[in-house]
Number of protein chains: 2
Amino acid sequence: MQRIDTGTRRIAILTDTIRRLIHRHATVNLVKIIKKTHAADLANVIQGLNENDALILFEMLPTPEVAADVLSEMEESARANFLETLSPERLSTIFQEMSTDDAAQILEEIEDEERKNQILEMMKEEDSDIVEELLSYGENTAGRIMNPDFVALPKATEAGDAIRELRKASETEMVFYVYVTNEDRRLDGVISLRDLVTVPPETILQDIMNTEVVSVEAHEDQEEVARLVARYNLLAIPVVDAERRLIGIVTVDDVVDVMRDEATEDILKMVGTTEEEITAASPLRSIRIRLPWLFVAWFGGVVASRVIQHFHEAIGQVTALAAFIPVVVGMGGNIGIQSASITVRGLATNRLESHHILSHVAKETIIGLFLGLLYGVLLGVAGALLSWGEPDAVQFGVAVGLGMLSSMLLASFLGSFMPLFLHRLGLDPAIAGGPFVTTTIDILGVAAYFLIATAILL
Amino acid sequence: MQRIDTGTRRIAILTDTIRRLIHRHATVNLVKIIKKTHAADLANVIQGLNENDALILFEMLPTPEVAADVLSEMEESARANFLETLSPERLSTIFQEMSTDDAAQILEEIEDEERKNQILEMMKEEDSDIVEELLSYGENTAGRIMNPDFVALPKATEAGDAIRELRKASETEMVFYVYVTNEDRRLDGVISLRDLVTVPPETILQDIMNTEVVSVEAHEDQEEVARLVARYNLLAIPVVDAERRLIGIVTVDDVVDVMRDEATEDILKMVGTTEEEITAASPLRSIRIRLPWLFVAWFGGVVASRVIQHFHEAIGQVTALAAFIPVVVGMGGNIGIQSASITVRGLATNRLESHHILSHVAKETIIGLFLGLLYGVLLGVAGALLSWGEPDAVQFGVAVGLGMLSSMLLASFLGSFMPLFLHRLGLDPAIAGGPFVTTTIDILGVAAYFLIATAILL
């Protein structure tokens, strides 16, 4: 995030214009504007209108193709209203014009099973079969986001014939590669469209195909798909079944969306919430999402309060000890979340490998040791100076300084160790940013602080 | 992040194999493996080897093209060693084989200006001119990441001739679009390669070109490039100068890298560190990166301690007040970082618009109010029960409950307001996750807590 987005401003102006035209019933001008505007922008505009205006605009879209594009580009929360309001007939016409992977994804958002089946029945049999097949794969898998439209040819095909085949395949929206398969539909090789048009037409595909094809199995996570596409700079990745038969492709434009969503998911999961909250309209839904995470933190806080209460004698004698609780706990929390974020993001981007646990945790702990020493000394000096003149000012400084050191050391160790440990167990490391780790750090930090302080001061 | 990455394991096994072969001087087998392995994987392997083995492997790469690919795919920190060790002659040969945008980016990493100029001088004049031109654009701009190799033709060209032109343009690695420009090199339209091969060869480009071209100016931020490519599902976006002359293209594979980097940057900026830390070898560098952020937090903590010290009488009388500091401050911090994360990510993904400040902040504040009430009541009950039997147990419960409510209310307001405010000022909202906001929340939260508590209890 660097600068104010001029695109956002453009959409805001467009939304205002369209809203005014709707209220003035200026149909001719509206049609003109709609025709000139990209579907992605129309989707954005619709999200800025009230429900009534949004429906009016949607009904003015010239063809079911445009309606399909607009609906695909909308946010899930904004789309919900259309999925509930439009007739099943209308929706089935629109779904038929969508790429099947989008259709499958959006159909899944309809909660009313009967309505969903009604729409599926109204769709062309061929389309609805494909959609139902996609829906048989788990959420967030390669199978669910793949597009079953691709161009596959036998290896004896000539380049010129392959190009003629491409001309026929008008349904296939994005062609970058021609896949070469054997009689069993197994994937043998791949040729880029560019290579295809730059060789003499009589060249045999087998002679120019690349046999080292990077592919992904249908049940694999969409994040693995994104990682492979990013690593090998692919424009599309073939999806195969357990027998290595080609069943679909995932194109890079879908991968771009996956990457955006997964990054957002990672960030928000670390603070105990979900992407849904960004666009969800009702505060009630947000409250329900955050409730459990905050409960864990709340419970941890109550445990910490019990730990502190255990040292109430020390606090009664040296009330300044209480004053330094937030800074000691807070600095532990800060360095802990830094270590956790680096570890989680390092794992997510494949730059940190989980078999390097020891060296990574050691490095983070060393960083915690040094920064803990530095800020511990600073806090000790500040503590001693601020309580100068009182008895035990120096000992007090030593106590808060050592308290901070132990809190930061502990936090950097746990912050780096926990995500790696969770990852090793096959769990999502991003939850380590969550309340379990942070409140553990809080409780242990505060216990260490008071143990050290009572040992020195009492 | 969902499951253990099998790709990582494969690279680990490959790295072990290669390491063993290097130590056994098994050159024949090494060459065989290198030939079969993708450059991106070789880059990963090299990063897992020690400096000496890494150099041996790098020197075995069959051609400068492969060396260029491997060097491009490596992490900046791993690459540094090669940039320092290899001779300027060797490096210039490698840079010549790179796409010019990669060459420019990697050359910038060489700190020794003399060495950098030496390499530039040794490169072919044509290549080094382009690299120097790219370097004239600011970091993280469209101009810096664009590729100046593209196919642009006059609108009177026939489709068949256009395909013949493509065959000649062997330098251009990724062609998806043919751009149509006028005599002044101004961008008039665009045609996808797919449309080009599926029309009769005698079709005139003007008749099939799309005139609504989404383009970006060279000085714009790479994040804007990524946003446009994602929004309009593009495979490449043309980069134009102030006169709308076509000067380069940014391809989607580079955008995928930008998106990954920007997401990581956002996450890590929110906790006061940078991407460099993930791969940087030395803890010292990490310490320098985190030092200033932690200093702000430290200073805020000391201010908070002064605020608490101000209420030392209250603490002396009711030591249990101190015990609840972490939970009151912590829950404020939790909900504050939730609100901030949602706001920052909503802005980054264009789903939250900064002119909706009021409604967004109101929503977050309502969430803070409800969750504050809920956890305030819970904490009040817990506080009263835990100090049951002592005088003023009920008042104590009311005090800590109200303290929590005010802390959470304040935090959700500031957490959502600050990023929007920073964004409005043209600053990066991600820094709102940082210590300025969190320690402000801490200080105000603790002050509110003690003001309420002394008013009720003393």
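Position labels on residues start from 1 in each chain and follow its written sequence. To label them, take the chains in the order written and letter them from A, then take the ligands in the order written and number them from 1. This being a predicted model, a pLDDT of at least 70 is required before a residue's local features are given, and a value of 80 or more before pairs of side-chain atoms are given or counted; all residues contribute to the totals for chains, interfaces and linings. The side-chain figures draw on all heavy atoms in the structure; neither hydrogens nor water molecules are used.

## Things to note about the sheet that holds strand S5 (residues 236-240) of chain A
Residues and elements named next belong to chain A.
Next up, step 1: Paired strands are those between which DSSP finds at least two bridges. A run of H or I in DSSP becomes a helix once it reaches four residues, and a run of E becomes a strand once it reaches two; helices and strands are each numbered from the N terminus. Within the open sheet, the three strands sit side by side as S4-S5-S6. Their pairing is mixed. Because the sheet does not close on itself, it has two edges, and the strands there are strand S4 (216-217) and strand S6 (246-251).
Next up, step 2: Bridge count for S5 against S6 is five bridges, and the pairing is antiparallel. When the sheet's bridge partners are listed, Ile237 is paired in S6 with Val250.

## Re the side chain of Asp41(B)
Next up, step 1: For Asp41(B), the position within the fold is in helix H3 (residues 39-48).
Next up, step 2: At 3.4 Å, the side chain of Asp41(B) forms a polar contact with the side chain of Arg10(B).
Next up, step 3: When checking whether two residues touch, look at their non-hydrogen atoms; a contact exists if any pair is within 4.5 Å. If we skip the residues at most four places from it in the chain, Asp41(B) touches Arg231(A), Tyr232(A), Arg10(B) and Ile11(B). Between N or O atoms, a polar contact is any pair within 3.5 Å; within protein, one atom must be a potential hydrogen donor and the other a potential acceptor, and residues adjacent in sequence are included only when both atoms are from side chains.

## Points about the interface of chain A and chain B
Next up, step 1: Contacts between chain A and chain B engage 129 residues on the former and 130 residues on the latter.
Next up, step 2: A salt bridge links Glu364(A) to Arg290(B); the shortest N-O distance between them is 2.8 Å.
Next up, step 3: Between chain A and chain B we count 14 residue pairs in polar contact (both at pLDDT 80 or more) in total.
Next up, step 4: Sort the elements by how many residues they give to the side of chain A that touches chain B and helix H18 (residues 283-309) of chain A lands first, with 16 residues.
Next up, step 5: Of the residues assigned to the side of chain A that touches chain B, the class counts are 64 nonpolar, 31 polar and 34 charged. Salt bridges, as used here, are contacts in which a Lys or Arg side-chain nitrogen is within 4 Å of a carboxyl oxygen on Asp or Glu. Only Asp, Glu, Lys and Arg are considered charged in this grouping, and only Ala, Val, Leu, Ile, Met, Phe, Trp, Tyr, Cys and Pro are considered nonpolar; every other residue, Gly among them, is considered polar.

## Observations concerning the sheet that holds strand S1 (residues 152-153) of chain B
All names here are of chain B.
Next up, step 1: The strand order across the open sheet built from three strands is S1-S2-S3, with neighbouring strands paired in mixed fashion. With partners counted over all chains shown, the strands left at the sheet margins are S1 and strand S3 (187-192), one partner each.
Next up, step 2: In this sheet, S3 lies alongside strand S2 (residues 177-181) in antiparallel orientation, the contact comprising five bridges. Residue pairing across strands places Val180 opposite Gly189, the latter belonging to S3.

## Looking at the confidence of the model for chain A
Residues and elements named next belong to chain A.
Next up, step 1: The predictor rates its confidence in each residue with pLDDT, a number between 0 and 100. Per-chain confidence: chain A averages 87 in pLDDT, with 95% of residues scoring 70 or above.
Next up, step 2: Mean pLDDT values for the elements of chain A range from 70 in helix H17 (residues 276-279) up to 94 in S4.
Next up, step 3: Note on residues 1-5: pLDDT under 50 across the span, and 26 contacts to partners over four residues away in sequence or across chains.

## Examining the packing of helix H23 (residues 393-424) of chain A against helix H24 (residues 435-457) of chain A
Residues and elements named next belong to chain A.
Next up, step 1: Axis separation between H23 and H24 bottoms out at 8 Å; the angle between their running directions is 155°. Judged by the inter-axis angle, H23 sits roughly antiparallel to H24. Taken as a pair, H23 and H24 cross one another with a handedness that is right-handed.
Next up, step 2: Within the contact of H23 with H24, the residues separate by chemical class into 18 nonpolar, six polar and no charged. Each axis is a line fitted through C-alpha atoms, taken for helices only over the stretch in contact, and angles between the N-to-C directions span 0 to 180 degrees. Angle categories are assigned with fixed cut-offs, so that under 35 degrees is roughly parallel, over 145 is roughly antiparallel, 65 to 115 is roughly perpendicular, and the rest are oblique. Less than a right angle of anticlockwise turn of the near helix away from the far helix marks a crossing as left-handed, whereas a clockwise turn marks it as right-handed.

## Observations regarding the nonpolar core
Nonpolar side chains in soluble globular proteins generally cluster together in the buried interior.
Next up, step 1: Residues enter a nonpolar core if they are buried and are Ala, Val, Leu, Ile, Met, Phe, Trp, Tyr or Cys, with the set joined through side-chain atoms within 4.5 Å. For every residue, the accessible area (1.4 Å probe, protein chains only) is compared with the maximum for its type, and the residue is labelled buried under 20%, exposed over 50%, or partly exposed between those bounds. The biggest cluster of nonpolar side chains holds 150 residues, and the ones touching the most others in it are Phe58(A), Phe95(A), Phe58(B) and Phe95(B).
Next up, step 2: Apart from residues no more than four positions distant in its own chain, Phe58(A) is found in contact with Ile46(A), Ala67(A), Val70(A), Leu71(A), Phe82(A), Leu86(A), Arg90(A) and Ile94(A).
Next up, step 3: Formed by 88 residues, the second largest nonpolar core is a distinct cluster that contains Trp298(A), Met331(A), Met404(B) and Phe450(B).

## A look at the environment of Val256(B)
Next up, step 1: Following the sequence through the fold, Val256(B) ends up in helix H16 (residues 252-270).
Next up, step 2: In the structure, Val256(B) is positioned 72 residues away from Val328(B) in sequence and 41 Å away in space, judged by C-alpha atoms.
Next up, step 3: The residues touching Val256(B), leaving out its near neighbours within four places in the chain, are Ala230(A), Val252(A), Val256(A) and Met259(A).

## Re the domain arrangement of chain A
Residues and elements named next belong to chain A.
Next up, step 1: We note that the domain assignment places domain 1 (6-142), domain 2 (152-252) and domain 3 (282-457) within chain A.
Next up, step 2: The partner domain 2 presents 12 residues to the five residues of domain 1 that form the contact.
Next up, step 3: Summed over the shared surface of domain 1 and domain 2, the number is zero salt bridges.
Next up, step 4: Taken together, the residues that form the side of domain 1 that touches domain 2 break down as two nonpolar, three polar and no charged. What fixes the domain bounds is an automatic or database domain assignment.

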